[in-house]
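The primary structure of each chain is shown beneath.
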Amino acid sequence: MNKKKIFLTIDFEDWKYDTSVSYSILKNNKINKKLLLKTYFNIQDFIDKNLNGDKITFFCTGILASKFPQIIEEINNNGHEIACHYYNHKNITDDTLNNFEYNLLKSKEKFENITNKPLKGFRAPKFSIYHSHRDYLKIVSNIFKYDSSLNLNSIKDLNKISCEDIDINFFPVFTSKFFFNILKYKPGGTYMKLFPYRILYNNILETFNKNAKPIIYLHPYEFLQNKEFAFNYEELKHKNFLFSLYFMLRQNQWNSGNSFILKKLKKIFNVYESGGKLENLI
């Protein structure tokens, strides 16, 4: 009997570079090409050992395509799908509609010049798009074939979006609730680190029950064990003391405890098979 299929996706970005841009931390801020390659090879090794070498979807930032096209080539040449994770890793609604469209088209052009393939998918950084952002969704639908950005609790929410001016396939990462419907859970990232495996398993069951495709999202830093992306105090000391102290602690959310995630990921792929690339769902 064939196992049901779930989809592993990677939001491929340089967390330290993007965070430094957001908080103006490093004066000489550069994408860490060597570390990103290390994370990619770690991801590929995990795929080879646990997903039978399947091909998956990488949502990449356009700045990576601009500054480091070699890694986009590497991912593409290994047969994975390259999709768009905006140009910079920021909330899309921080940009005007005109800038939003410009950044999408700029990213699309850069990716397609590297891969010689049409770019089909989009995921907003931080899942920063909701069904109420109709003007942003309309732009996405004019450029891409599918979107995997939406924060949704129910299939019914999709019915609020569909209309003549928004024509796109939606592959959302569904949010479930637990503990008397007080706490929310998305299958990936910090949620997978903090909460037990059973919550992940129940989220996937609930998504199947909604006749939707279960999608897990992870990041490059979650395939590292030694906090390689973290800031040290020397890099933060020019900021005010409270910010430096706060951020030294807060960054552990992303850079610590990643072994817990990978254990849960291995376990869930013993139960389910990899669904492959999201573009195959179109």
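Check the entry above for the structure.
Rules used in this analysis
- Residues numbered from 1 in each chain as written.
- Predicted model: local features only at pLDDT ≥ 70, side-chain atom pairs only at ≥ 80, totals over all residues.
- Heavy atoms only, no water.
- Axes fitted to C-alpha atoms, helices over the stretch in contact; angles between N-to-C directions.
- Helix = DSSP H or I, 4+ residues; strand = E, 2+ residues; numbered from the N terminus.
- Parallel < 35°, antiparallel > 145°, perpendicular 65-115°, else oblique.
- Left-handed = near helix turned anticlockwise from the far one by under 90°.
- Contact = heavy atoms within 4.5 Å.
- Salt bridge = Lys/Arg side-chain N within 4 Å of Asp/Glu carboxyl O.
- Buried < 20%, exposed > 50% of the residue type's maximum accessible area, 1.4 Å probe, protein only.
- Pairing = 2+ DSSP bridges.
- Expected span 1.5 Å × (residues − 1).
- 1 Å grid on protein atoms, 1.4 Å probe; cavity = no way out; pocket = protein on both sides within 12 Å on 5 of 7 lines; lining within 4 Å.
- Points joined across faces, edges and corners; volume = space filled by probe spheres on them.
- Nonpolar A, V, L, I, M, F, W, Y, C, P; charged D, E, K, R; others polar.
- Core = buried A, V, L, I, M, F, W, Y, C linked by side-chain atoms within 4.5 Å.

## Details of the packing of helix α4 (residues 69-77) against helix α5 (residues 97-115)
1) Next: Remark: α4 packs on α5, axes separated minimally by 9 Å, with the N-to-C direction vectors making an angle of 60°. The orientation of α4 relative to α5 falls into the category oblique. As for how α4 packs across α5, the hand of that crossing is right-handed. Here Pro69, Ile72, Glu73 and Asn76 of α4 come into contact with α5, specifically with Phe111, Ile114 and Thr115.

## Digging into the pattern of salt bridges
When charged atoms on two side chains of opposite charge get close, those side chains can pair.
1) Next: For the structure shown, the criterion picks out 10 salt bridges.
2) Next: Asp95 is paired through a salt bridge with Lys90; the nearest N and O atoms lie 2.9 Å apart.
3) Next: The salt bridge partner of Lys237 is Glu234, with a shortest N-O separation of 2.8 Å.
4) Next: Residue classification places Glu234 among the exposed positions, given a relative accessible area of 53%.
5) Next: Three or more residues joined by partner-sharing salt bridges are found here, namely Lys120, Lys277 and Glu279.

## With respect to unusual backbone geometry
1) Next: For Phe127, which is not a glycine, the phi torsion comes out positive at approximately 50°.
2) Next: Structurally, the position occupied by Phe127 is in the loop between β4 (121-122) and α6 (134-143).
3) Next: We classify Phe127 as buried; its relative accessible area is 6%.

## Digging into the pairing of strand β2 (residues 57-60)
1) Next: Every second residue of β2 is oriented toward a common face, with Thr57 and Phe59 on one face and Phe58 and Cys60 on the other, all of them buried.
2) Next: Relative to β2, strand β1 (residues 5-12) runs parallel, the two being bridged by four bridges. Looking at β2, one finds that Asp11 is bridged to Phe59.
3) Next: Where β2 and strand β3 (residues 81-84) come together, four bridges link them in parallel fashion. From the neighbouring strand, Phe58 faces β3, where its bridge partner is Ile82.

## A closer look at helix α9 (residues 197-209)
1) Next: Taking 1.5 Å per residue, 13 residues should reach 18 Å; α9 reaches 19 Å between its end C-alpha atoms and fits that length.
2) Next: For α9, the complete set of buried residues consists of Tyr197, Ile199, Leu200, Asn203, Ile204, Thr207 and Phe208.
3) Next: Two residues or fewer after α9 comes Asn211, characterised by a positive phi angle close to 60°.

## Quick look at the layout of surface pockets
1) Next: Approximately 810 Å³ is the volume attributed to the largest pocket.
2) Next: Mapped onto the lining of the largest pocket, the elements with two or more residues apiece are α1 (15-23), β6 (151-152), α8 (189-194), α11 (241-250) and α12 (252-255).
3) Next: Along the lines of polarity and charge, the residues of the lining of the largest pocket split into 13 nonpolar, 11 polar and eight charged.
4) Next: If you add up the space inside the second largest pocket, you get close to 180 Å³.
5) Next: Elements with a minimum of two residues in the lining of the second largest pocket: α2 (33-50) and α13 (258-271).
6) Next: Of the residues forming the lining of the second largest pocket, the biggest block, five residues, is contributed by α2.

## Notes on the environment of Ile6
1) Next: Of note, Ile6 is situated in strand β1.
2) Next: What makes Ile6 buried here is its relative accessible area of 0%.
3) Next: Setting aside residues up to four positions removed in sequence, Ile6 forms contacts with Ile204, Phe208, Pro214, Ile216, Ile268, Phe269, Tyr272, Glu273, Ser274 and Gly275.

## A short note on the pairing of strand β11 (residues 215-218)
1) Next: Where burial is concerned, the two faces of β11 agree: the one with Ile215 and Tyr217 and the one with Ile216 and Leu218 are both buried.
2) Next: In this structure, β1 lies alongside β11, joined through four bridges in parallel fashion. Paired with Phe7 across the bridge in β11 is Ile215.

## A short note on the nonpolar core
1) Next: Membership of the largest hydrophobic core comes to 78 residues, with the highest contact counts inside it found for Phe12, Leu104, Phe122, Ile216, Leu265 and Ile268.
2) Next: When sequence neighbours within four positions are dropped, the list of residues in contact with Phe122 reads Phe59, Cys84, Tyr86, Ile92, Phe100, Leu104, Val140, Phe144, Tyr146, Asp147, Ser148 and Ser149.
3) Next: Listed in part, the 10 residues of the second largest apolar core include Phe59, Tyr146, Tyr217 and Leu278.

Function cannot be read off these values alone, since they describe shape.
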